[in-house]
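# Per-entry structural report
What follows is each chain in one-letter form.
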Amino acid sequence: MIVGLTLLLVFQIIGNVLELMFHLPIPGAVVGMFLLLLCLISIDSLAEYVRPIALVLISYLAVLFVPAGVGIVLHVERIKTEWLAITASLVISTALAIITSSLVIKYSTIWLNKRKTQKELTHD
């Protein structure tokens, strides 16, 4: 698990450094996560190191929603005045997230099936 945690932290640091160096409009953690994804796709054995710590972190994911809940309670008055804009942005962003996720799953499945077929053909 320590190797997996170290890998996660290294990719986050790399993402933060790239964000600062190139003044990217994307948070460094997201850049690091994308780089980790690319490495996981290209190096199959890397997932064995990351999987155990990822499962542990996912089990504590609910704790990350506590600050958001506190923020909502602190800004109740603002939410009352801007409820329409908040609702519209939530609906639109949810729809975009669902569409994007479904397209990523669709094309990832196609890509993985092609990759599997190519591996089977080269091993035969």
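Residues numbered from 1 in each chain as written. Predicted model: local features only at pLDDT ≥ 70, side-chain atom pairs only at ≥ 80, totals over all residues. Heavy atoms only, no water.

### Here we look at the overall build of the chain
The condition is simple: What counts as a helix is a DSSP run of H or I of at least four residues, what counts as a strand is a run of E of at least two, and both are numbered from the N terminus. Two things to know: the radius of gyration comes from C-alpha atoms, and the globule rule equals 2.2 Å times the number of residues to the power 0.38.
When you go through the chain residue by residue, the secondary structure sums to six helices and zero strands. Along the chain, helices and strands appear, N-terminal first, in the series α-α-α-α-α-α. Computed over C-alpha atoms, the radius of gyration of the chain comes to 19 Å, more than 25% over the 14 Å expected from 2.2 N^0.38 for 124 residues, which places it beyond the range of a compact globule. If you line up the chain on its principal axes, its C-alpha atoms span 65 × 35 × 35 Å.

### Focus on the environment of A62
Operational definition: Exposure is judged per residue with a 1.4 Å probe applied to protein chains only, and the accessible area is read against the type maximum: over 50% gives exposed, under 20% gives buried, and values in between give partly exposed.
Assignment of secondary structure puts A62 in the loop between α3 (46–59) and α4 (66–74). For A62, a relative accessible area of 56% translates into the label exposed. For A62 and E48, which are 14 residues apart along the polypeptide, the C-alpha to C-alpha distance reads 24 Å.

### Things to note about the pattern of salt bridges
Heads up, the rule is: By definition, a salt bridge exists where a carboxyl oxygen of Asp or Glu is found within 4 Å of a side-chain nitrogen of Lys or Arg.
Per the counting criterion, the structure on display carries four salt bridges. Between R115 and D44 there is a salt bridge; the shortest N-O distance is 3.5 Å. Here R115 is found in helix α6 (residues 83–123), whereas its partner D44 is found in the loop between α2 (28–42) and α3, with 71 residues between them in sequence. You can call R115 partly exposed: its relative accessible area is 21%. On the accessibility criterion, D44 (46% relative accessible area) is partly exposed. Measuring nitrogen to oxygen at the nearest pair gives 3.7 Å for the salt bridge that ties K80 to E77. Of this pair, K80 and E77 are both found in helix α5 (residues 76–81), three residues apart, which corresponds to roughly one turn of the helix. Accessibility expressed as a relative area gives 53% for K80, which makes it exposed. Each member of the salt-bridge network shares a partner with another, and the members are D44, R115 and K119.

### Things to note about the confidence of the model for the chain
Worth spelling out the cut-off: A residue's pLDDT is the predictor's confidence in that residue, given on a scale from 0 to 100.
Put simply, the chain has an average pLDDT of 92, and 99% of its residues get 70 or more. Mean pLDDT per element in the chain: α4 is the minimum at 83, and helix α1 (residues 2–22) is the maximum at 96.

### Here's the deal with α1
An α-helix turns once per 3.6 residues; consequently, residues spaced three or four apart project the same way. Put simply, the rule is: Every helix has an expected span of 1.5 Å times one less than the residues it contains. Our arc is simply the arc of the directions from the helix axis toward the C-beta atoms. Should any heavy atoms of two residues lie within 4.5 Å, those residues are counted as being in contact.
Over its 21 residues, α1 extends 30 Å from the first C-alpha to the last, a length consistent with the 30 Å expected when each residue adds 1.5 Å. What α1 keeps buried is the set G4, L7, F11 and G15. Down the axis of α1, the sector holding all buried residues measures 70 degrees, keeping them to one side. Residues I2, I13, L20 and M21 are exposed on α1 and point more than 90 degrees away from its buried face. Where α1 is buried, its residues contact α2 and α3. Phi for H23, located one or two positions after α1, is positive at around 50 degrees.

### Section: the nonpolar core
Put simply, the test is: The criterion is simple. A nonpolar core is a set of buried Ala, Val, Leu, Ile, Met, Phe, Trp, Tyr and Cys residues joined through side-chain atoms within 4.5 Å.
Counting five residues, the largest nonpolar core consists of L7, F11, L36, L46 and V50. Among the secondary structure elements, those contributing two or more residues to this core are α1 and α3.

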